[in-house]
Structures are given as C-alpha cells and as structure tokens.
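# A closer look at the structure
Here is how the chains run, residue by residue.
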Amino acid sequence: MWPMSHSNSVVHFLRHVSFPPDPHLLPTALKSCPAPPLARALHAAAVAAGLAGDPFVASSLLHTYLRFGATADARSVLDGMPHKTVVGWSALVAAHAARGDAEGALRLLDEMRRGAGGGVEPNVITWNGLVSGLNRSGHARDAAAALVRMHGEGFLPDVTGISCALSAVGDVGEVSVGEQLHGYAVKAGCRLDACVVTALIDMYGKCGRAEEIVRVFEESSHMDVASCNALVAGLSRNSQASEALRLFKEFVGRGVELNVVSWTSIVACCVQNGRDLEAVELFREMQAHGIEPNKVTIPCVLPAFANVAALMHGRSAHCFAVRKGFLHDIYVGSALVDMYAKCGRVRDARTIFDSMPSRNVVSWNAMIGGYAMHGEAANAVQLFRSMLMRKQKPDIVTFTCVLAACSQAGLTEEGRHYFNEMQQEHGISPRMEHYACMVTILGRAGKLDEAYDLINEMPFEPDGCVWGSLLGSCRVHGNVDLAEVAAEKLFHLEPENAGNYVLLSNIYASKKLWDGVNRVREMMKDVGMKKEKGCSWIEIKNKVHMLLAGDNSHPMMSAITEKLKQLTIEMRRLGFAPSTDFVLHDVEEQEKDDILAVHSEKLAVALGLISTSPGTPLRVIKNLRICGDCHEAMKFISCFEGREISVRDTNRFHHFRDGKCSCGDYW
C-alpha cells in the first residue's frame, strides 16, 4: 500500500486525506503502516486533529507500536488514554513478556490494578499473554512462576492458557505441575482439544515420560500434523525410535497430510538413535510423497549417509543442495564436510570447507575431525593453526579432534603440547574426552605407567571411556596386569558392555592364557551377555548392503563365500598366514582360520569385489574395531586385486593400496 520511502508515504497521506483525518481512516492506515517513522507521523496527525484520545485510534496506535516493539511509545499512548481498557493493558503486558522482561511485565500488572479510578483487573487473557510471552522468549522458569501466581490469584487457564503453560512446564522439567495441569484439563473437559493434546505430548516428552506420551495420544486418537510432530520429537528425545517409527507409519497409513517438519523429525529421530538405514529409506520415501527437503532436512540426513558409507546418496543430497541454493547455509556446508570426510573423501570435504562463504566452530571442527579420522595429523594441526589465525575461538570439541589426530599418528609430545595449550592459552579445563585422548596417546606410545598415573591424577572420577582407552593400549602392548586393573574398573562402570569383556579376553588369548579366556567367558554367561556381532556396510550401485559376521542371510552369500575361499587359497599360496591371535576361543588352528574368514569387513569386501568392475574403489564401514588379521588381509587383497579399499572402524579410517595401509600399521 505504501511507497518505498517513508517520508514520501507521510506526504502522500497528508496530501490525499481530508483534514482533520477521519477517525475511521486513521486505524486503517495504522494497520497497514510499514515502519515506526510513519507510525509516529500518523500519531502526530492524530494529535493535531484531536483524535489521539479516540478509543479506536488510540487502540490502533498502541497495537501498531507494539507490532514494532516500540513499548515506550505504546506506554505513552496508553498513559494518554482517558479510559484504559483491559485489552490495552493486556497487550502491553504481553509485549514486555515477549521481550523476556518478566520484571517489567509483572510491574505493569500491578500498575494496571492501581490505576486511577480503581484501576483495571486483569483477566485470563492478560495472564495467558504473560505466560505465553515469557515462554516464547525463552524464559520458561518465569513463565512457570507466572502460572503459579495466576492460579494463586484464582484465575483458571483456558485452552490457550493450558497449552502455553504446558510448554513452559516442559521446558523447566516440572512434571508434577504438568500432571496437575493435565488433571485440570480433564476436569475442564478440554483434554481432547487438539492444542492441549499436542502440548501434553510435548510436555511429557521434555520431562522424560515416554509412556505418558503414547497414553495421551492413544486416549485422544487425534491425528494431525501437529500431534505427529510432537510425538516424534518426544519419543526421539526419550530414545524410543521404534515407537516413533510405528506411530509415524500409522499417520502415513491413515493419509494424514504431513509436512516437511514431520518428515525431517522422523529422519532426525532415526539418525540420533542409530537407525541410519531407516533414515535413508525415509528420506527417499519423503520425496516419493512429494515433500521437498529443506535446508534443515539436509543436515539431518547427511549423518545417516556418512554412517553407512552411502556416498552416492550423499552426493545426491549435495547436488540437491546446490540446485536449491542451500550451500550458503553454514549448517548444510558443515554437514557436507562431515559427510564427505566420513565417507572416505577427505579431499572433497576440504573442497567444500574452502568454498564455504562463512564458517563457525562446527565447520572447523568437522574438517579437523575429518583429518583426524584419516590419520592426517599434520593437516589437522595445520588447519587448527589456521583457525586460530582467523580469530575463530576453539572449543572443547576442537581440542578433542586435535588430540585425536595426535593419537592416530603417535605424536606423543605434540599431544602433550596441545593438552597444556588448551588449559594455559585458551582457558579450557580438560574434560573426560580430553583425558581419554591423552591416555590413548601415552598408552599407544608404550607409556602405560604414565597413562595410568594420569588417570589417577584426574580431578574427577574417570569414566568408561578413559579406562577403555587404557585397556585398548594394554591390548596393543600385551600388558596383562594393567589390563586386568582397567577391566575391573570397566566391569563396574559398564556392566552391560560386552566389548570390555571381549577385549580382556583378546588380551588373554593373545598370550595363550586360556584359563583367563574361559574365566571371562563364564563371567559373560553369568550376566547373560553375548559378544556384539561385527557388522559392516558397503554401498554398491547406489544401494547400501549390511553384512553381519556369521550371518548367511545375504542373497549373495554363496558367491561371497566362494570369493573368500579363492582369496584364502591365493593368500596361502603366496605365504600369507592368518593371525589367529585375534580369535577368542581355544580351538584348533583350522577352526580359527574359519572364524576369521567370516569377519564382516571381509564379507563386505568380497561382496564389493564380485559386484563391481575391476579397479573400482571399495568403501566399507564397520561397527567394531578392525582386527589385526583382517587388517593384514586387506593389505593383501588391495595388492592382489589391484583395488583401493577404505575401511572405517570405530577408531579411524584405513586406506589400503598396493599392499600398504595409510595408518602405517599404527592403530
């Protein structure tokens, strides 16, 4: 309606309306007013025409100023009104609350009551505006306190008030207050209201009451996009991915029109709970339903592609981001850096990193961490120095990445230097993960006693990660005595972690201490624990295949087994002997060979060899650390087959080429 120049708008208005202005025209003009300067000009015109006290004009002025956040101007209008109404006071109270000014909002509430002529009593709308405004401005605790005061003064919230109050209660985790509001909603007959149902689901989700989330939903049977989004978010927050998937599929099956937020939420839920293959499939299904991903969806799904080595899927998402102009978004760029690094393409990751128009600490951490997982410590350290030169302040994650890089390359003294620099130059106190890295750095260098001393000097109790680092180093150097100390701590801290038992058993087995192996096996039986199965993923022709150790369910298992047999024959013919120290059982040597042959990474590589043309690089991801025998086998296969093979285990990347590994056999 208004010309671009505010001054021209004022001239235009003054020239084309009768003077004095009509009291019905001014409110219309104020409603369309685009900026504060013009609002003040119209205010001046109203004053000049003697209309500033007109109830409609004054109310329009007040709400126009509040729309622009000009609370001081709005208060001036309110003070000039001969008859102040509850609507005007309520709007001003809500505006202060929306700015996070709890003290100012409550002060206005008191002034409202003390006004001339007996003042104005607040109503439920006033209180709703106060609670809602404080909650939206991130002051949930003040909102909850306002709710308690509201109730204490005899005001009962309506549907809007209940919904706002539940949101605030959820943010501060006051589940007992939430339960009282739930009870009130039941008594007030509004528990089935769509907004109340969504708010209840949200509140119980934030308070960690997953069972109540499902109960509220099932009692209401209210299925719309808002309740779906709240359900998925709440269940995901409480690690209930299976239930979230079940209910989400129910929404889809019933034809509820879900939006991009709904699909993005379920994808993020799967990724956050380790359901990466489901996340990949949901991302494809989302697009099949005609829902276009946005710049929030892309960073949510990229970690799933990274976690299962789905490079082609990741590249497709990258192309989509280019077409939609998302690459300028710092979160999309950072997620792409992380995805390419975790898919073994660290050079592509650096290209994306260098092309980002702006970077934050997450971007730098993603690239430094990428170099670390590839064992490129020199590049990681150099980039860290560049980060400091660009005046980007490092955080705790930055130093975790730098220390991890040092541990991968055996840079003991450099690791000490950065551990001290973190504290002395950047004021960052070491956290558990930093101590775990230092224990690994010292332990892998053979300084096990020094690593143990560092643990004993920690200012807080070490967790399983720290003791696990020591136990892993004991495995490398065959230190049984210290391994038993670390394992004992781990059995107490992580009684259900089978990996700790397996690692100790490995150490006993490598020393042929079969009594120790049997003792650990009995301990595992006593607590009903089984070794976690090795699982590997490989992407072939745009499809991700998952292979489990000892699992024959893959449709190409016969061909995979035959290929492994052929490779075994060639390896033995050329003098390669399996390193059977990595088997946990006291069995005959031939049986040990058979056990090693079915490790999941070997199955994945064999599948890749028979499914791709000669010379095609193979990328495998494994859920456990690669064993020494498989490491040696990959070196042989890379040379014999003329392939580049990349294996990412839980510790780092191993790039095999021409019979050598990028780790230099240090891992």
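None of the values given here were measured: they were computed from a predicted structure. (Residues numbered from 1 in each chain as written. Predicted model: local features only at pLDDT ≥ 70, side-chain atom pairs only at ≥ 80, totals over all residues. Heavy atoms only, no water.)

Okay, the overall build of the protein next. Looking only at helices and strands, the protein features 35 helices and six strands. When its C-alpha atoms are laid out on the principal axes, the protein stretches across 105 × 60 × 55 Å. Put simply, the protein has 667 residues, and 50% of those count as buried. Residue pairs at least 24 apart in sequence account for 64% of intrachain contacts in the protein once pairs closer than 6 positions are excluded. With an accessible surface of roughly 30,400 Å², the protein has 53% of that area assigned to carbon and sulfur atoms. (Helix = DSSP H or I, 4+ residues; strand = E, 2+ residues; numbered from the N terminus. Buried < 20%, exposed > 50% of the residue type's maximum accessible area, 1.4 Å probe, protein only. Contact = heavy atoms within 4.5 Å. Areas by Shrake-Rupley, 256 points an atom, 1.4 Å probe, with all protein chains shown as cover.)

Further remarks concern the nonpolar core. Grouped together as the largest cluster of nonpolar side chains are 181 residues, with contacts concentrated most on Leu-130, Phe-305, Met-339 and Leu-470. Discounting chain neighbours no more than four positions away, the residues touching Leu-470 are Val-439, Leu-448, Ala-451, Tyr-452, Ile-455, Leu-482 and Ala-486. Of all hydrophobic cores here, the second largest spans 30 residues; its members include Leu-567, Val-620, Ile-626 and Val-647. (Core = buried A, V, L, I, M, F, W, Y, C linked by side-chain atoms within 4.5 Å.)

This paragraph deals with the packing of helix H25 (residues 412-424) against helix H26 (residues 432-444). Where H25 meets H26, the closest approach of the two axes is 9 Å, and the angle between their N-to-C directions is 160°. Judged by the angle between their axes, H25 and H26 are roughly antiparallel. Here H25 runs over H26; the crossing is left-handed. Listed contacts from H26 to Thr-412, Gly-415, Arg-416, Phe-419 and Met-422 of H25 are His-434, Tyr-435, Met-438, Ile-441 and Leu-442. Broken down by class, the residue content of the contact of H25 with H26 amounts to six nonpolar, three polar and one charged. (Axes fitted to C-alpha atoms, helices over the stretch in contact; angles between N-to-C directions. Parallel < 35°, antiparallel > 145°, perpendicular 65-115°, else oblique. Left-handed = near helix turned anticlockwise from the far one by under 90°. Nonpolar A, V, L, I, M, F, W, Y, C, P; charged D, E, K, R; others polar.)

In this model H26 runs 18 Å from its N-terminal to its C-terminal C-alpha over 13 residues, within 8% of the 18 Å that 1.5 Å per residue would give. In terms of burial, H26 is largely enclosed, as twelve of its 13 residues are buried. Among the residues of H26, Met-432, His-434, Tyr-435, Ala-436, Cys-437, Met-438, Val-439, Thr-440, Ile-441, Leu-442, Gly-443 and Arg-444 are the ones counted as buried. One or two residues past the end of H26 sits Gly-446, with phi positive at roughly 85°. (Expected span 1.5 Å × (residues − 1).)

A few words on empty space enclosed by the protein. Applying the stated criterion across every chain, the model contains one cavity of 30 Å³ or more. Taken as a whole, the largest cavity holds about 40 Å³ of empty space. Lining the largest cavity are His-182, Arg-191, Leu-192, Val-197, Leu-200, Val-216, Glu-219 and Ser-220. Mapped by element, the contributors of at least two residues to the lining of the largest cavity are helix H12 (194-206) and helix H13 (210-220). Broken down by element, the lining of the largest cavity gets its largest block of residues, three residues, from H13. (1 Å grid on protein atoms, 1.4 Å probe; cavity = no way out; pocket = protein on both sides within 12 Å on 5 of 7 lines; lining within 4 Å. Points joined across faces, edges and corners; volume = space filled by probe spheres on them.)

Here we take up helix H6 (residues 86-98). The terminal C-alpha atoms of H6, which comprises 13 residues, lie 18 Å apart, in line with the 18 Å expected from a rise of 1.5 Å per residue. For H6, the full list of buried residues reads Gly-88, Trp-89, Ser-90, Ala-91, Leu-92, Val-93, Ala-95, His-96 and Ala-97. For H6, the elements touching its buried residues are helix H4 (55-67), helix H5 (71-80), helix H7 (102-114) and helix H8 (124-136). Gly-100 sits one or two positions beyond H6 and adopts a positive phi of about 85°.

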